[in-house]
Amino acid sequence: MTESTHPSRRTVVTALGAAGFVALPAWPQTARAADGPAVATASGPVLDTHPATEPSGTHVREVGGTNVVFQYGTVLPAFDGWRTHEPTREYLTLDKKWRFRFDPADQGLAEGWQSAHHDDGAWGLIDVPAAWDLLNTPGFGSETTPFGRGTAFSDGYAWYRTTVDVPGSWRARHVRIAFLAAGYSAEVWLDGTRLGKHEGANSPFALPVAGALRPGTRQTIAVRVFRRASYTDYTAATGQPVTDDYEVPYKPVDYWPYAGLTRSAWIEAVPQVGIAKLLVSGANGRLEARAVVENHGASDFEGWLTLDPGRDSGARPVRVEARIAARSAGVVPVSVPVPHAPRWSPAAPHTLTARATLTSGKSSGPRVDTLSTRYGVRDLTVADAQVRLNGEPLFLKGLNWHEETAAHGRAMTLAEYDRELGHITTLGANLIRNCVYNRHPYVYDWADEHGVTVMDDIDTMWLNTAQEKLQTERYGLARALALTMAWNQHNHPSVILWGLQNESEIDADGAPVYRAWLADLKAAVKAVDLTARPVTWASNTSNDPAFDLADVIGFNEYFGYFYGKDADLGPTLDAVHAKYPDKPILITENGTWSEAGTHGPDTTQGTEEWQAASFKAHWAQVTARSAFVAGFTYWVLKDYKERAGYNQAYNGISVMGLLTFAEERPKLVHDAFREAVNPRGR
């Protein structure tokens, strides 16, 4: 033990005074049927069933002064296992070929497709990760292929099955199956024991397997994935939209809802006493850390937690005492001065790695578990109508971006991420808006390392008042998505804004339903964010009656395209500023469209010249008001796939991008954007 790891008595007493634990919540550990039979609408498509509240059991508990997110009876863990393997843990990747079968008649559950004894020898194969949309849809990325054909339009249920050899050494381990995404919802079984259900296409989840695990044997994992149809018919003009009040989003939207196990999955075996999550905040010259420790064992744990702030932090490791009761979760807080740590900014994106190590015993006992996390030291504030980073005004030059490629849909390869995100740095943008769902963890890591800030979003798009009320008062899925967004992306210095919704309905008479819903989502992210990041949303109006709840006012505007004139933007910004003089304003969307290769006057809709001229007009009005307008976010980086009932003449491809969809070929607006945000290469 080096001298630097010995704490002063004052450090130990302070840590113990702030520490605490709560009993792990109860969660069903036995097999049970699904929540009810699937139902069909009058027009035919199957709708999934729903429990009384969202099925993951997502909630927050205060543990020793820190709010902790729980799902499935355990702490929602860190999901770094896709790239980082801790030396105290064991991992089995599930990224491989699985057995796969569509289940359009919803017969699989009754016929025992979840059972280890079911014969799946005649099933097909599919890669995990992959979107089943690309399983057999020739011409998916082409603008000339007929719309409505292929597995991209296979809806309802589909089943995945695989086997794993479970090591015998896992008998004394806490084991969970982690999925980075399953669209839209998924139920998981291990040897026929139902582990749980998850809803929400773009948020990761981890299911504990206690009670179903049989170490030293071969076991079968079965996953039933569901996607609601967007329309009753994708090829006929009579096709009607299919809705489900409980889903988020509840109706067809203008981005493609890729289906299946679209991101990585793995099994992770951790010690019975382990660090589930390490929350860190580097600001004001200090590193504040909260190590969330779970004790799944039958005995109380007494030991130590050592926090290493990382190389280049300018600080030494600090050790504090940790005591966690049996079958409980506890929080061990550590505060470390890091006055000499380099600050993170777009110009100098310095990142560090903090590592927590748990040891047992009253002195220097054996290592029990470790967990590391990347972080950055930076000061983010909102005041006097400006967003400031490290004390300096930050003007956001942003791009909306959909996570997809023509080759793989939302199951992108790391090489595809590098190419797509590389466009953002080439263009000189310093903000990505994750419209309108959480991204693969790689995106946040990339943004940290490349100095690009992030506005993170959830799937709360185009909700109507009835669904807002249902989510706030009963079902709680929107709240769960907000909580998990803030919890999962907490440590990333690049994430500077929490986005709460996109263009949802506003009720009359003071908007009590809309305001209550936004207040609920805001409270959720604020409850778990140690850094107090500002909240915003992409309103459909500059007269939003809930702007007083926002830290940064955000709205989408399409002057000169859907309504009004380009020149209307400036007076609108002035009016919003006059009403909220202390709040910065962010244009969360603006854009038009062009069909690549179509040229003509800049007053003719659909030409590349018109699209570029429209951008320039809006950009000029925003930058002229940079004293109170925090930035501008263009819609959209790249043409994107749509499954709603429009743009079928282009095979469902929206042509609003700076780049084309499949070829990623730049249009004139691409160069206009690059020159505007980075004139003469500066």
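Keep in mind it's a predicted model, so treat the numbers as computed, not measured.

Asker: Looking at this model, I keep getting lost on the overall build of the protein. Mind explaining?
Answerer: Helix and strand content of the protein: 9 helices and 36 strands. Based on the C-alpha atoms only, the size of the protein along its principal axes is roughly 75 × 60 × 50 Å. Across the 682 residues of the protein, 61% fall into the buried class. Roughly 24100 Å² of accessible area belongs to the protein as shown, and the carbon and sulfur atoms make up 51% of that amount.

Asker: Whenever I open this one, the packing of aromatic side chains confuses me. Can you help?
Answerer: Two descriptors summarise a pair of aromatic rings, namely the distance from one centre to the other and the angle between the planes of the rings. Here the structure, examined in full by the defined rule, presents 37 aromatic pairs. With 6.3 Å between their ring centres and 80 degrees between their planes, Trp82 and Tyr442 make a pair best called edge-to-face. One end of the pair, Trp82, is in the loop between strand E6 (74-75) and strand E7 (90-93); the other, Tyr442, is in helix H3 (residues 441-450), with 360 residues separating them in the sequence. On the basis of relative accessibility, which here comes to 17%, the residue Tyr442 falls in the buried class.

Asker: Which parts of the structure should I look at to understand helix H7 (residues 569-579)?
Answerer: In an α-helix, one turn spans 3.6 residues, which is why side chains three or four residues apart end up on the same side. Taken as a whole, H7 has its buried residues at Leu569, Gly570, Thr572, Leu573 and Val576. Down the axis of H7, the buried side of the element spans an arc of 160 degrees, and every buried residue falls inside it. In H7, the exposed positions that point more than 90 degrees away from the buried face belong to Pro571, Ala578 and Lys579. Check the buried side of H7 and you find it contacts strand E32 (553-556), strand E33 (585-589), helix H8 (608-623) and strand E34 (629-634).

Asker: Help me understand the environment of Ala212, please; the structure alone is not making it clear to me.
Answerer: You can see Ala212 is positioned in the loop between strand E14 (205-208) and strand E15 (218-227). Considering only alpha carbons, one finds Ala212 and Pro167, 45 residues apart in sequence, at a separation of 14 Å.

Asker: Mind showing me how you'd approach the sheet that holds strand E10 (residues 156-165) here?
Answerer: In any sheet, the strands associate via hydrogen bonds between backbone groups, in a parallel or an antiparallel arrangement. Ordered in space as E9-E8-E10-E15-E12-E13, the 6 strands form an open sheet in which the pairing is antiparallel. Strand pairing shows two members of the sheet lacking a second neighbour, strand E9 (124-127) and strand E13 (193-199), which therefore form its edges. On average, each strand axis in the sheet is inclined to that of its neighbour by 30 degrees, with strand direction left out of account. Bridging between strand E8 (residues 97-103) and E10 involves 5 bridges; their strand directions are antiparallel. Looking at the pairing, Asp103 lines up with Tyr157 of E10.

Asker: Would you mind showing me how to read the pairing of strand E5 (residues 66-71) here?
Answerer: Across a regular strand the side chains alternate sides, sitting on one face of the sheet and then on the other. With respect to burial, E5 is a largely interior element, 5 of its 6 residues being buried. When strand E4 (residues 59-63) meets E5, the two strands line up antiparallel, connected through 5 bridges. Within the sheet, the bridge partner assigned to Val60 lies in E5 and is Val69. The turn linking E4 back onto E5 is made up of 2 residues, and Gly64 within it adopts a positive phi angle of 60 degrees. Linkage of E5 to E6, two consecutive antiparallel strands, is achieved through a turn of 2 residues, within which Tyr72 is found at a positive phi near 55 degrees.

Asker: So what exactly am I meant to see when it comes to the packing of helix H4 (residues 465-475) against helix H6 (residues 512-528) here?
Answerer: Helices that pack against each other are described as a pair by the angle of their axes relative to one another and the distance between those axes. Where H4 meets H6, the axes come as close as 9 Å, and the angle between the chain directions of the two elements is 45 degrees. As summarised for this structure, H4 and H6 are arranged oblique, according to the angle between their axes. Judged by the twist between their axes, the crossing of H4 over H6 is left-handed. Along the contact surface, H4 presents Thr465, Glu468, Lys469, Gln471 and Thr472, while H6 presents Val513, Tyr514, Ala516, Trp517 and Asp520.

Asker: Quick question: what am I supposed to make of the nonpolar core here?
Answerer: The nonpolar side chains of a soluble globular protein tend to be buried with one another. Counting residues in each nonpolar core, the largest one holds 92 residues, and the members touching the most others are Leu399, Trp487, Trp537, Leu573 and Phe673. Per element, the largest residue contribution to this core is 8 residues, and it comes from helix H5 (residues 477-488). With residues near it in sequence (within four places) discarded, Trp537 still touches Leu500, Gln501, Tyr514, Leu518, Asp544, Ala546, Phe547, Leu549, Ala550, Gly554, Phe555 and Thr588. By size, the runner-up hydrophobic cluster in this structure holds 33 residues, among which are Ala158, Ala186, Leu195 and Val225.

Asker: Help me understand the sheet that holds E32, please; the structure alone is not making it clear to me.
Answerer: Within the open sheet, the 8 strands sit side by side as E31-E30-E29-E28-E27-E34-E33-E32. Their pairing is parallel. Here the strands that pair on one side only, and so sit at the sheet edges, are strand E31 (535-538) and E32. Averaged over all pairs of adjacent strands, the angle between their axes in this sheet comes to 25 degrees, without regard to strand direction. Judged from the 3 bridges that link them, strand E27 (residues 396-400) and strand E28 (residues 431-433) form a sheet pairing that is parallel. By the bridge assignment, Gly398 is partnered in E28 with Leu431.

Asker: Just checking my understanding: could you explain the packing of H4 against H5 for this structure?
Answerer: Axis separation between H4 and H5 bottoms out at 7 Å; the angle between their running directions is 80 degrees. By the angle class used here, H4 and H5 are roughly perpendicular. In contact with Gln471, Thr472 and Tyr475 of H4, H5 contributes Leu477, Ala478 and Arg479. Residue classes in the contact of H4 with H5 are distributed as 3 nonpolar, 2 polar and 1 charged.

Asker: Explain the side chain of Glu416 here, please?
Answerer: Secondary-structure assignment places Glu416 in helix H2 (residues 414-427). Lacking a salt bridge, the buried Glu416 has Arg419 as its closest oppositely charged neighbour, with an N-O distance of 4.6 Å. Of the polar contacts made by the side chain of Glu416, one reaches the side chain of His408; its length is 2.8 Å. Residues contacting Glu416, with those up to four places away along its chain left out, are Thr405, Ala407, His408 and Ala411.

Asker: Honestly, unusual backbone geometry in this entry has me stumped. Any pointers?
Answerer: Working note: non-glycine residues mostly have negative phi, and peptide bonds are mostly trans. The linkage connecting Cys435 with the following residue, Val436, adopts the cis geometry, with an omega of -25 degrees. Examined against the element boundaries, Val436 turns out to sit in the loop between E28 and H3. The omega torsion of the bond from Trp635 to Val636 falls at 15 degrees, within 30 degrees of zero and hence cis. With respect to the element layout, Val636 can be found in the loop between E34 and strand E35 (640-641). Positive phi, close to 55 degrees, is recorded for Asp384, a residue that is not glycine. As for its placement among the helices and strands, Asp384 is situated in the loop between strand E24 (380-383) and strand E25 (386-389).

About the thresholds
Residues numbered from 1 in each chain as written. Predicted model: local features only at pLDDT ≥ 70, side-chain atom pairs only at ≥ 80, totals over all residues. Heavy atoms only, no water. Helix = DSSP H or I, 4+ residues; strand = E, 2+ residues; numbered from the N terminus. Buried < 20%, exposed > 50% of the residue type's maximum accessible area, 1.4 Å probe, protein only. Areas by Shrake-Rupley, 256 points an atom, 1.4 Å probe, with all protein chains shown as cover. Phe/Tyr/Trp six-rings, centres within 6.5 Å; stacked < 30°, edge-to-face > 60°. Arc of directions from axis to C-beta. Contact = heavy atoms within 4.5 Å. Pairing = 2+ DSSP bridges. Axes fitted to C-alpha atoms, helices over the stretch in contact; angles between N-to-C directions. Parallel < 35°, antiparallel > 145°, perpendicular 65-115°, else oblique. Left-handed = near helix turned anticlockwise from the far one by under 90°. Core = buried A, V, L, I, M, F, W, Y, C linked by side-chain atoms within 4.5 Å. Nonpolar A, V, L, I, M, F, W, Y, C, P; charged D, E, K, R; others polar. Lys, Arg positive; Asp, Glu negative; His and termini not counted. Salt bridge = Lys/Arg side-chain N within 4 Å of Asp/Glu carboxyl O. Polar contact = N/O pair within 3.5 Å; in protein donor to acceptor, adjacent residues only side chain to side chain.

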